[in-house]
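# Overview (structure and organization)
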Amino acid sequence: MTLHFSVLASGSTGNAIYVENGEHSFLVDAGMSGKQMEALFNEIGRDIKNLSGLFVTHEHSDHIKGVGILARKYKLPVYANEKTWQAMDGLIGEIPVDQKFVFGMESVKTFGSLDIESFGVSHDAAEPMFYVFHQDGKKLVLVTDTGYVSDRMKGIISNADAYVFESNHDVQMLRMGRYPWNVKRRILSDVGHISNEDAAIAMSEVAGDNTKSFYLAHLSLDNNMKDLARMSVQQTLESRGILIGEQFNLYDTDPKKPTVLTAV
Ligand SMILES: [Zn+2]
Ligand SMILES: [Zn+2]
């Protein structure tokens, strides 16, 4: 079976990633209204009612805005770790107990031939974690909302076939920009978001022989641009001897438009 995925939307206005293997299909986060989520599913020719489940990464609103609505309307099983469930209490409304599942940190859940593995990231939420999808020897890594990429994370996410990888901000734009200093400090901190340059350094360290693609994700609307992110990631990779198009390719994601449903 082949994994396919689409980054439905990415950025501080809302995040959602769709993954399917022909037998099961999953959503990672639902950070937009129910209506917007339905429109995004239409665009990729899929129906929310066929989802097998929804995995939550952390309780920030750009990741959970639509979780309660979709869970209730489509009777979706929802998976999150214990602390994230506690933190979501009061934010997503009531979800029936038989739809609430605990997905512990650094654990694996198996759905037929698909293994889904969770791992922790460094971010200012209760217990933020992201996911690796394993299918027939192929590996898809999703990782955004992290201040940096630790050695522990690198070990778990190394040599994947495809990555959805945060490239949040240009440090210069952020420093010069209009955000108040405390917000800038939060973003730049170890529990904020990763810069284009630091993302590229981490990419150079985790990419392996199997790696074919990186989707640059969760770009800041105020402190980044698609071209700038791509250019600085490319430059940093080149300075480390990695040529885009030879080792692997870079792809954009968008705050409002899904990426083409693509095989891993
Ligand atoms: Zn986020
Ligand atoms: Zn976040």
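Up top is the structure.
Our subject in this report is the structure included herewith. (Residues numbered from 1 in each chain as written. Chains lettered and ligands numbered in written order. Predicted model: local features only at pLDDT ≥ 70, side-chain atom pairs only at ≥ 80, totals over all residues. Heavy atoms only, no water.)

### Topic: the sheet that holds strand β2 (residues 16-20)
With mixed pairing, seven strands are arranged side by side in an open sheet as β6-β5-β4-β3-β2-β1-β14. Each of the sheet's edge strands pairs with one partner strand only, and the pair in question is β6 (100-102) and β14 (262-263). Note that strand β3 (residues 25-28) and strand β4 (residues 53-55) share three bridges and pair parallel. Bridge pairing in β4 places Val28 opposite Phe55. Contacts between helix α1 (residues 34-43) and the sheet are confined to β1 (4-9), β2 and β3, with β1 contributing the most and set at about 140° to the helix. (Pairing = 2+ DSSP bridges. Helix = DSSP H or I, 4+ residues; strand = E, 2+ residues; numbered from the N terminus. Contact = heavy atoms within 4.5 Å. Axes fitted to C-alpha atoms, helices over the stretch in contact; angles between N-to-C directions.)

### Overview of the coordination of the zinc ion (ligand 1)
For the zinc ion (ligand 1), every protein donor is listed as Asp62 (OD), His63 (NE2), Asp145 (OD) and His218 (NE2), and the spread of their distances is 2.1 to 2.2 Å. Considering all four donor atoms around the zinc ion (ligand 1), the spread of angles at the metal, 93 to 165°, places the coordination shape in the irregular class. All donor residues of the zinc ion (ligand 1) come from one chain, and their arrangement in sequence is D-H-x81-D-x72-H. Separation of the zinc ion (ligand 1) from the zinc ion (ligand 2) amounts to 3.4 Å, with Asp145 serving as a shared donor to the pair. You can see Asp145 sitting in the loop between β10 (138-143) and α5 (151-157) and its partner His218 sitting in the loop between β12 (213-217) and α9 (226-239), a full 73 residues away along the chain. Residue classification places His218 among the buried positions, given a relative accessible area of 2%. (Donors = N, O, S within 2.8 Å, 3.2 Å for Na, K, Ca; no water. Tetrahedral: all angles 85-135°; square planar, octahedral: opposite > 155°, others 65-115°. Buried < 20%, exposed > 50% of the residue type's maximum accessible area, 1.4 Å probe, protein only.)

### Some thoughts on unusual backbone geometry
One non-glycine residue, Asp29, lies in the positive phi region at around 70°. For Asp29, the location among the structural elements is in the loop between β3 and α1. We note that Lys75 has phi near 50°; this positive angle belongs to a residue other than glycine. With respect to the element layout, Lys75 can be found in the loop between α3 (67-74) and β5 (78-80). Of the residues examined, Lys75 reaches a relative accessible area of 63% and is grouped as exposed.

### Points about the coordination of the zinc ion (ligand 2)
Within the protein, the atoms that donate to the zinc ion (ligand 2) are His58 (NE2), His60 (ND1), His123 (NE2) and Asp145 (OD), at distances of 2.2 to 2.5 Å. What the four donor atoms of the zinc ion (ligand 2) show is an angle range of 91 to 174° at the metal, which sorts the shape as irregular. In the primary structure, the donors to the zinc ion (ligand 2) are separated according to the pattern H-x1-H-x62-H-x21-D. Residue His58 is classed as buried on the basis of its relative accessible area, which comes to 0%. Taking the relative accessible area as the measure of exposure, Asp145 reaches 1% and is therefore buried.

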